[in-house]
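Architecture at a glance
Each chain is listed here by its residues.
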Amino acid sequence: DQRLTKRRKAGEAERVDIANLSFGEDFEDAEAMLNAEVRTVIEKLNETNQLERDDMSEMMVNTTKYVETFGEFQDLDSISLCKRELLELRDLKVHGFEAASMCNLMPATADEAKSLIASLKRFDDEDVTQMCNIVQRYKKT
């Protein structure tokens, strides 16, 4: 899956290839977040009155509804432990995007994971099965 996007500065074309973990200049240093992490950030903003639902854009309202519906993990400990465990797997060098995607999508099998997250095809089925087992274990907590 490759898309061509325009660079803001030089006007040159920039390749974005999620399957090869190339997200483009704008997302070079961005950290992928779990739906539950996004929900927590929005809740904290609401608690401090920095974000009123009336003041939110349509996209922000839709994002809030989405993460409230699909934020599977309920506590911050499970979120951080699952993500950390995936990122620290042996010498696999799991990318933050892959760890967040695994936690958000919660695939049960290596085939399912690889079909949903194209970059995981670089791992063998045994390693991806191990990732799925980690996510499923935390899903039950």
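For the structure given in this document, a descriptive report is provided here. (Residues numbered from 1 in each chain as written. Predicted model: local features only at pLDDT ≥ 70, side-chain atom pairs only at ≥ 80, totals over all residues. Heavy atoms only, no water.)

Quick word on the overall build of the protein chain
So the rule is basically this: Here a helix means four or more residues in a row that DSSP labels H or I, a strand means two or more in a row labelled E, and each is numbered from the N terminus. Think of it in three bands: with a 1.4 Å probe and only protein chains considered, a residue is buried below 20% of the maximum accessible area for its type, exposed above 50%, and partly exposed in between. The criterion used for residue contact is that any of the two residues' heavy atoms lie within 4.5 Å.
What the protein chain contains, in helices and strands, is six helices and two strands. Put simply, the protein chain runs from its N terminus to its C terminus through helices and strands in the order β-β-α-α-α-α-α-α. The proportion of buried residues among the 141 residues of the protein chain is 35%. When contacts within the protein chain are restricted to residue pairs at least 6 apart in sequence, those whose partners lie at least 24 apart make up 53%.

Quick word on the packing of helix 3 (residues 76-87) against helix 4 (residues 96-105)
Basically, it comes down to this: In this analysis an axis means a line fitted to C-alpha atoms, helices contributing only their contacting stretch, and an angle means the value between N-to-C directions, from 0 to 180 degrees. Throughout this description, any angle smaller than 35 degrees is read as roughly parallel, any larger than 145 degrees as roughly antiparallel, any in the 65 to 115 degree range as roughly perpendicular, and the remainder as oblique. Throughout, a crossing is termed right-handed when the near helix is turned clockwise from the far one, and left-handed when it is turned anticlockwise from it by less than a right angle. For this scheme, ten residues count as nonpolar: Ala, Val, Leu, Ile, Met, Phe, Trp, Tyr, Cys and Pro. Four count as charged, namely Asp, Glu, Lys and Arg, and the remainder, Gly too, count as polar.
Orientation of helix 3 relative to helix 4, taken along the N-to-C sense of each, is 135°, at an axis distance of 9 Å. Relative to helix 4, the element helix 3 is oriented oblique. By crossing handedness, the relation of helix 3 to helix 4 is classed as right-handed. Residues Cys82, Lys83, Leu86 and Leu87 of helix 3 pack against Gly96, Ala99, Met102 and Cys103 of helix 4. The residue makeup of the contact of helix 3 with helix 4, split by class, is six nonpolar, one polar and one charged.

Quick notes on the side chain of Asp127
Residue placement: Asp127 occurs in helix 6 (residues 125-139). Those residues in contact with Asp127 that lie beyond four places of it in its chain are Arg90 and Leu92.

A look at helix 1 (residues 35-47)
Side chains three or four residues apart in an α-helix point the same way, a direct result of the helix having 3.6 residues per turn. Applicable threshold: Given the number of residues in a helix, its expected span is that number minus one, multiplied by 1.5 Å.
Between its first and last C-alpha, helix 1 extends 18 Å over 13 residues, near the 18 Å set by a 1.5 Å rise per residue. Those residues of helix 1 lying buried are Asn35, Ala36, Glu37, Arg39, Thr40 and Ile42.

Notes on the nonpolar core
Filter applied, for reference: Take the buried Ala, Val, Leu, Ile, Met, Phe, Trp, Tyr and Cys residues and link them wherever side-chain atoms come within 4.5 Å; each set so joined is a nonpolar core.
Formed by 24 residues in total, the largest nonpolar core has its most connected members in Cys82, Leu86, Met102, Leu120, Phe123, Val128 and Met131. Secondary-structure elements contributing two or more residues to this core are helix 3, helix 4, helix 5 (110-116) and helix 6. If one sorts the elements of this core by residue count, helix 6 sits on top with six residues. Dropping the residues within four chain positions of it, Val128 is found in contact with Ala110, Ala113, Lys114, Leu120 and Phe123.

Digging into helix 3
Our working rule: The directions considered for the arc are those from the helix axis to the C-beta atoms.
With 12 residues, helix 3 extends 16 Å from end C-alpha to end C-alpha; this agrees with the ideal 16 Å at 1.5 Å per step. Among the residues making up helix 3, those that are buried are Ser78, Ile79, Cys82, Lys83 and Leu86. In a view along the axis of helix 3, the buried residues occupy a sector of 120°, so they form one face of it. Along its buried surface, helix 3 packs onto helix 1, helix 4 and helix 6.

Details of the environment of Ser78
Here Ser78 shows up in helix 3. Separated by 61 residues in sequence, Ser78 and Lys139 have C-alpha atoms that sit 8.4 Å apart.

A few points about unusual backbone geometry
A negative phi holds for most residues other than glycine; trans holds for most peptide bonds. You will see that Lys93, though not glycine, has its phi angle at about 55°, which is positive. Along the polypeptide, Lys93 turns up in the loop between helix 3 and helix 4. Positive phi is not limited to glycine here, since Met106 has a value of about 50°. Relative to the helices and strands, Met106 is located in the loop between helix 4 and helix 5. A residue is classified by how much of its surface remains accessible, and Met106, at 8% relative accessible area, is buried.

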